[in-house]
Amino acid sequence: MSDTKAHLPLADAAGDDAASDSRGVGDTVGRDSGDSSRVIGVLALQGAFIEHEKMLGKLGIRTVEIRQRGDLEQHFTGLVLPGGESTVQGKLLRDLNMLEPLRQLVAGGLPTFGTCAGLLLLAKHVEDGDTHLALMDITAKRNAYGRQLGSFFTHAEVTGIGTIPMTFIRAPYIESVGKNVQILSEVNGHIVAAQQGNMLVTSFHPELNDDLSVHRYFVNMTESGHSLDQAADIL
(Lines give C-alpha, C1' and ligand atoms only; values in the text may rest on other atoms or scores of the structure.)
Protein backbone atom coordinates (compact mmCIF):
# COMPACT_ATOMS: atom_id res chain seq x y z
CA MET A 1 0.00 0.00 0.00
CA SER A 2 1.24 3.48 -0.71
CA ASP A 3 0.09 7.07 -0.81
CA THR A 4 0.52 9.40 -3.77
CA LYS A 5 3.72 11.44 -3.50
CA ALA A 6 3.54 13.93 -6.35
CA HIS A 7 1.47 14.79 -9.39
CA LEU A 8 2.74 14.66 -12.95
CA PRO A 9 1.71 16.92 -15.83
CA LEU A 10 -1.62 15.83 -17.28
CA ALA A 11 -0.20 15.29 -20.77
CA ASP A 12 -0.13 11.58 -21.57
CA ALA A 13 3.56 10.78 -22.01
CA ALA A 14 2.59 7.34 -23.28
CA GLY A 15 0.16 8.62 -25.88
CA ASP A 16 0.39 9.14 -29.61
CA ASP A 17 3.61 11.20 -29.41
CA ALA A 18 5.36 8.14 -28.02
CA ALA A 19 4.25 6.15 -31.04
CA SER A 20 6.31 7.88 -33.72
CA ASP A 21 7.59 5.45 -36.32
CA SER A 22 10.57 3.57 -34.92
CA ARG A 23 10.99 0.70 -37.34
CA GLY A 24 14.40 -0.78 -36.81
CA VAL A 25 14.84 0.48 -33.24
CA GLY A 26 13.71 -2.78 -31.72
CA ASP A 27 15.88 -4.79 -34.07
CA THR A 28 19.06 -3.13 -32.82
CA VAL A 29 18.42 -2.67 -29.10
CA GLY A 30 20.47 -5.15 -27.10
CA ARG A 31 21.81 -6.96 -30.15
CA ASP A 32 25.41 -6.95 -28.94
CA SER A 33 24.75 -8.28 -25.43
CA GLY A 34 22.82 -10.98 -23.63
CA ASP A 35 21.51 -14.30 -24.84
CA SER A 36 20.60 -14.02 -28.52
CA SER A 37 18.00 -16.77 -28.12
CA ARG A 38 15.96 -14.50 -25.84
CA VAL A 39 13.97 -12.16 -28.06
CA ILE A 40 10.86 -10.30 -26.95
CA GLY A 41 8.20 -9.02 -29.32
CA VAL A 42 6.80 -5.55 -28.64
CA LEU A 43 3.42 -4.63 -30.10
CA ALA A 44 4.27 -1.46 -32.03
CA LEU A 45 0.94 -0.23 -33.37
CA GLN A 46 0.56 2.75 -31.01
CA GLY A 47 1.71 3.90 -27.60
CA ALA A 48 4.94 3.72 -25.59
CA PHE A 49 6.57 0.76 -27.33
CA ILE A 50 9.94 2.46 -27.88
CA GLU A 51 10.35 2.96 -24.14
CA HIS A 52 9.85 -0.76 -23.51
CA GLU A 53 12.41 -1.60 -26.18
CA LYS A 54 14.96 0.64 -24.47
CA MET A 55 14.33 -0.92 -21.05
CA LEU A 56 14.72 -4.43 -22.42
CA GLY A 57 17.84 -3.37 -24.29
CA LYS A 58 19.41 -2.31 -20.99
CA LEU A 59 18.90 -5.89 -19.83
CA GLY A 60 20.64 -7.23 -22.92
CA ILE A 61 17.43 -8.47 -24.52
CA ARG A 62 16.87 -8.10 -28.25
CA THR A 63 13.41 -6.98 -29.33
CA VAL A 64 11.37 -7.21 -32.51
CA GLU A 65 8.49 -4.92 -33.36
CA ILE A 66 5.09 -6.46 -34.07
CA ARG A 67 3.33 -4.20 -36.57
CA GLN A 68 1.44 -6.59 -38.85
CA ARG A 69 0.24 -10.17 -38.95
CA GLY A 70 3.34 -11.38 -40.79
CA ASP A 71 5.55 -10.14 -37.94
CA LEU A 72 4.12 -12.93 -35.78
CA GLU A 73 6.19 -15.38 -37.83
CA GLN A 74 9.39 -14.00 -36.27
CA HIS A 75 11.14 -15.79 -33.42
CA PHE A 76 10.28 -14.32 -30.01
CA THR A 77 9.78 -15.81 -26.56
CA GLY A 78 7.67 -13.12 -24.91
CA LEU A 79 5.35 -10.26 -25.81
CA VAL A 80 4.91 -6.71 -24.46
CA LEU A 81 1.59 -4.88 -24.90
CA PRO A 82 2.46 -1.22 -24.24
CA GLY A 83 0.51 1.65 -22.75
CA GLY A 84 -1.31 4.04 -25.04
CA GLU A 85 -4.95 3.98 -26.15
CA SER A 86 -6.55 0.56 -25.76
CA THR A 87 -9.48 1.43 -28.03
CA VAL A 88 -7.12 2.44 -30.84
CA GLN A 89 -4.90 -0.59 -30.33
CA GLY A 90 -7.90 -2.93 -30.28
CA LYS A 91 -9.27 -1.44 -33.50
CA LEU A 92 -5.90 -1.75 -35.24
CA LEU A 93 -5.53 -5.36 -34.12
CA ARG A 94 -8.91 -6.13 -35.68
CA ASP A 95 -8.27 -4.14 -38.85
CA LEU A 96 -4.93 -5.90 -39.35
CA ASN A 97 -6.41 -9.35 -38.62
CA MET A 98 -4.03 -9.75 -35.69
CA LEU A 99 -6.43 -10.06 -32.76
CA GLU A 100 -7.27 -13.76 -33.04
CA PRO A 101 -3.70 -14.94 -33.79
CA LEU A 102 -2.46 -12.97 -30.78
CA ARG A 103 -5.22 -14.40 -28.61
CA GLN A 104 -4.23 -17.92 -29.60
CA LEU A 105 -0.56 -17.28 -28.86
CA VAL A 106 -1.19 -15.81 -25.41
CA ALA A 107 -3.77 -18.49 -24.58
CA GLY A 108 -1.18 -21.07 -25.66
CA GLY A 109 1.26 -19.90 -22.99
CA LEU A 110 3.27 -17.07 -24.54
CA PRO A 111 4.62 -14.93 -21.64
CA THR A 112 2.89 -11.56 -22.04
CA PHE A 113 3.35 -8.26 -20.20
CA GLY A 114 0.65 -5.59 -20.50
CA THR A 115 1.08 -2.08 -19.13
CA CYS A 116 -1.86 0.33 -18.75
CA ALA A 117 -3.63 -0.06 -22.14
CA GLY A 118 -2.05 -3.51 -22.40
CA LEU A 119 -3.78 -4.43 -19.15
CA LEU A 120 -7.10 -3.43 -20.73
CA LEU A 121 -6.36 -5.50 -23.86
CA LEU A 122 -5.87 -8.61 -21.70
CA ALA A 123 -8.78 -8.09 -19.28
CA LYS A 124 -11.80 -10.38 -19.58
CA HIS A 125 -14.04 -7.62 -18.25
CA VAL A 126 -13.72 -3.84 -18.72
CA GLU A 127 -16.17 -1.49 -17.02
CA ASP A 128 -17.68 0.95 -19.52
CA GLY A 129 -15.42 -0.32 -22.28
CA ASP A 130 -14.87 -3.01 -24.87
CA THR A 131 -12.88 -6.19 -24.36
CA HIS A 132 -10.22 -7.30 -26.82
CA LEU A 133 -7.99 -10.32 -26.11
CA ALA A 134 -10.15 -11.02 -23.02
CA LEU A 135 -7.91 -13.72 -21.55
CA MET A 136 -6.98 -12.59 -18.03
CA ASP A 137 -9.60 -13.15 -15.34
CA ILE A 138 -9.72 -9.57 -14.10
CA THR A 139 -12.26 -6.74 -14.14
CA ALA A 140 -10.59 -3.45 -15.05
CA LYS A 141 -11.82 0.11 -14.75
CA ARG A 142 -10.71 2.51 -17.50
CA ASN A 143 -9.37 6.00 -16.63
CA ALA A 144 -10.08 4.94 -13.07
CA TYR A 145 -8.49 7.89 -11.32
CA GLY A 146 -10.27 10.52 -13.44
CA ARG A 147 -8.66 12.78 -16.00
CA GLN A 148 -7.64 15.56 -13.58
CA LEU A 149 -6.08 13.33 -10.93
CA GLY A 150 -5.13 10.51 -13.24
CA SER A 151 -1.41 11.28 -13.52
CA PHE A 152 0.79 10.80 -10.48
CA PHE A 153 3.98 9.24 -9.17
CA THR A 154 4.50 7.08 -6.11
CA HIS A 155 6.55 4.20 -4.68
CA ALA A 156 4.96 0.93 -3.63
CA GLU A 157 5.88 -2.70 -3.05
CA VAL A 158 5.38 -5.38 -5.67
CA THR A 159 5.37 -9.00 -4.52
CA GLY A 160 8.49 -10.79 -5.68
CA ILE A 161 10.18 -7.55 -6.74
CA GLY A 162 10.28 -5.07 -3.83
CA THR A 163 9.51 -1.37 -3.56
CA ILE A 164 9.70 0.39 -6.92
CA PRO A 165 8.80 3.75 -8.50
CA MET A 166 5.42 3.83 -10.23
CA THR A 167 4.26 6.36 -12.83
CA PHE A 168 0.50 6.45 -13.47
CA ILE A 169 -0.90 8.30 -16.49
CA ARG A 170 -4.70 8.36 -16.70
CA ALA A 171 -4.39 4.79 -15.56
CA PRO A 172 -6.86 1.96 -15.16
CA TYR A 173 -6.90 -0.18 -12.08
CA ILE A 174 -8.14 -3.69 -11.40
CA GLU A 175 -11.43 -3.82 -9.49
CA SER A 176 -11.55 -7.58 -8.95
CA VAL A 177 -9.66 -10.74 -9.84
CA GLY A 178 -10.53 -14.39 -10.40
CA LYS A 179 -9.31 -17.18 -8.16
CA ASN A 180 -6.29 -17.98 -10.36
CA VAL A 181 -4.99 -14.40 -10.40
CA GLN A 182 -2.27 -13.34 -7.97
CA ILE A 183 -2.44 -9.73 -6.76
CA LEU A 184 1.10 -8.33 -6.82
CA SER A 185 0.56 -4.73 -5.73
CA GLU A 186 -2.02 -2.28 -4.44
CA VAL A 187 -1.89 1.53 -4.23
CA ASN A 188 -4.43 3.46 -2.18
CA GLY A 189 -6.62 0.36 -1.94
CA HIS A 190 -6.63 -0.35 -5.68
CA ILE A 191 -5.00 -3.32 -7.42
CA VAL A 192 -2.29 -2.03 -9.78
CA ALA A 193 -0.31 -5.18 -10.62
CA ALA A 194 -1.31 -8.81 -11.02
CA GLN A 195 -0.27 -12.07 -12.63
CA GLN A 196 -2.16 -15.05 -13.97
CA GLY A 197 0.15 -17.76 -15.23
CA ASN A 198 1.96 -16.41 -18.29
CA MET A 199 0.21 -12.99 -18.13
CA LEU A 200 1.62 -10.06 -16.13
CA VAL A 201 -0.12 -6.67 -16.00
CA THR A 202 0.51 -3.29 -14.39
CA SER A 203 -1.65 -0.17 -14.24
CA PHE A 204 1.49 1.95 -14.09
CA HIS A 205 4.29 2.53 -16.61
CA PRO A 206 7.57 0.93 -15.46
CA GLU A 207 9.08 1.83 -18.82
CA LEU A 208 8.95 5.55 -17.91
CA ASN A 209 11.30 5.18 -14.92
CA ASP A 210 14.92 4.06 -14.63
CA ASP A 211 14.16 1.03 -12.44
CA LEU A 212 14.51 -2.21 -14.43
CA SER A 213 12.97 -4.50 -11.80
CA VAL A 214 9.61 -5.15 -13.47
CA HIS A 215 11.14 -5.77 -16.88
CA ARG A 216 13.71 -8.10 -15.31
CA TYR A 217 10.86 -9.99 -13.61
CA PHE A 218 9.15 -10.38 -16.98
CA VAL A 219 12.34 -11.49 -18.72
CA ASN A 220 12.66 -14.21 -16.07
CA MET A 221 9.11 -15.30 -16.95
CA THR A 222 10.19 -15.83 -20.56
CA GLU A 223 13.15 -18.06 -19.76
CA SER A 224 10.97 -21.16 -19.86
CA GLY A 225 8.57 -19.52 -22.30
CA HIS A 226 7.05 -20.58 -25.56
CA SER A 227 9.02 -20.01 -28.74
CA LEU A 228 7.21 -18.76 -31.81
CA ASP A 229 9.35 -20.50 -34.39
CA GLN A 230 6.24 -22.51 -35.27
CA ALA A 231 3.89 -19.51 -35.34
CA ALA A 232 2.98 -20.24 -38.96
CA ASP A 233 1.22 -23.40 -37.78
CA ILE A 234 -1.09 -21.28 -35.61
CA LEU A 235 -1.65 -18.62 -38.26
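Residues numbered from 1 in each chain as written. Predicted model: local features only at pLDDT ≥ 70, side-chain atom pairs only at ≥ 80, totals over all residues. Heavy atoms only, no water.

Peer 1: A description of the confidence of the model for the chain should follow, citing residues and the corresponding values.
Peer 2: Model confidence for the chain is summarised by a mean pLDDT of 82, while 77% of its residues fall at 70 or above. Counting contacts from residues 1-34, a segment whose pLDDT is below 50, to residues more than four positions away or on other chains yields 90 contacts. Confidence drops under a pLDDT of 50 for residues 225-235, and excluding neighbours within four residues, the segment shows 27 contacts in the predicted structure. (pLDDT = per-residue confidence, 0-100. Contact = heavy atoms within 4.5 Å.)

Peer 1: Tell me what's going on with the pairing of strand 11 (residues 182-187), and back it up with residues and numbers.
Peer 2: Where strand 11 meets strand 12 (residues 190-196), five bridges bridge the pair, whose relative direction is antiparallel. Within strand 12, the position partnered with Gln-182 by the bridge is Gln-195. Following strand 11, the chain reverses through two residues before pairing antiparallel with strand 12; Asn-188 in that reversal takes a positive phi of roughly 55°. (Pairing = 2+ DSSP bridges. Helix = DSSP H or I, 4+ residues; strand = E, 2+ residues; numbered from the N terminus.)

Peer 1: Got a sec to walk through the pattern of salt bridges? Specific residues and values, please.
Peer 2: Summed over the entire model, instances satisfying the criterion amount to five salt bridges. Put simply, Glu-223 and Arg-38 hold a salt bridge, and the shortest N to O gap is 3.3 Å. Residue Glu-223 is located in the loop between helix 6 (213-222) and helix 7 (231-234), and its partner Arg-38 is located in the loop between helix 1 (25-28) and strand 2 (39-43); the two are separated by 185 residues in the primary sequence. Judged by its relative accessible area of 54%, Glu-223 is exposed. Residue Glu-65 is joined to Arg-67 by a salt bridge in which the shortest nitrogen-to-oxygen separation is 3.0 Å. Note on accessibility: Glu-65 and Arg-67 belong to one class, buried. (Salt bridge = Lys/Arg side-chain N within 4 Å of Asp/Glu carboxyl O. Buried < 20%, exposed > 50% of the residue type's maximum accessible area, 1.4 Å probe, protein only.)

Peer 1: Account for the packing of aromatic side chains, naming residues and giving values.
Peer 2: The tally for this structure, following the rule as stated, stands at three aromatic pairs. Measuring from centroid to centroid gives 4.5 Å for Phe-152 and Phe-168, while their planes differ by 15°, and the two rings are stacked. In this pair, Phe-152 sits in strand 8 (residues 151-158) while Phe-168 sits in strand 9 (residues 162-169), placing the two residues 16 residues apart along the sequence. Exposure class is identical for Phe-152 and Phe-168. Each is buried. Through pairs of rings, three or more aromatic residues link up here, namely Phe-152, Phe-168 and Phe-204. (Phe/Tyr/Trp six-rings, centres within 6.5 Å; stacked < 30°, edge-to-face > 60°.)

Peer 1: Before we move on, could you go through helix 4 (residues 99-107) and cite the residues and values that matter?
Peer 2: Buried residues of helix 4: Leu-99, Pro-101, Leu-102, Leu-105 and Val-106, and no others. Angularly, the buried residues of helix 4 cover 165° about the axis, an arc narrow enough to put them on a single face. Immediately beyond the C-terminal end of helix 4, within one or two residues, lies Gly-109, with a positive phi of roughly 115°. (Arc of directions from axis to C-beta.)

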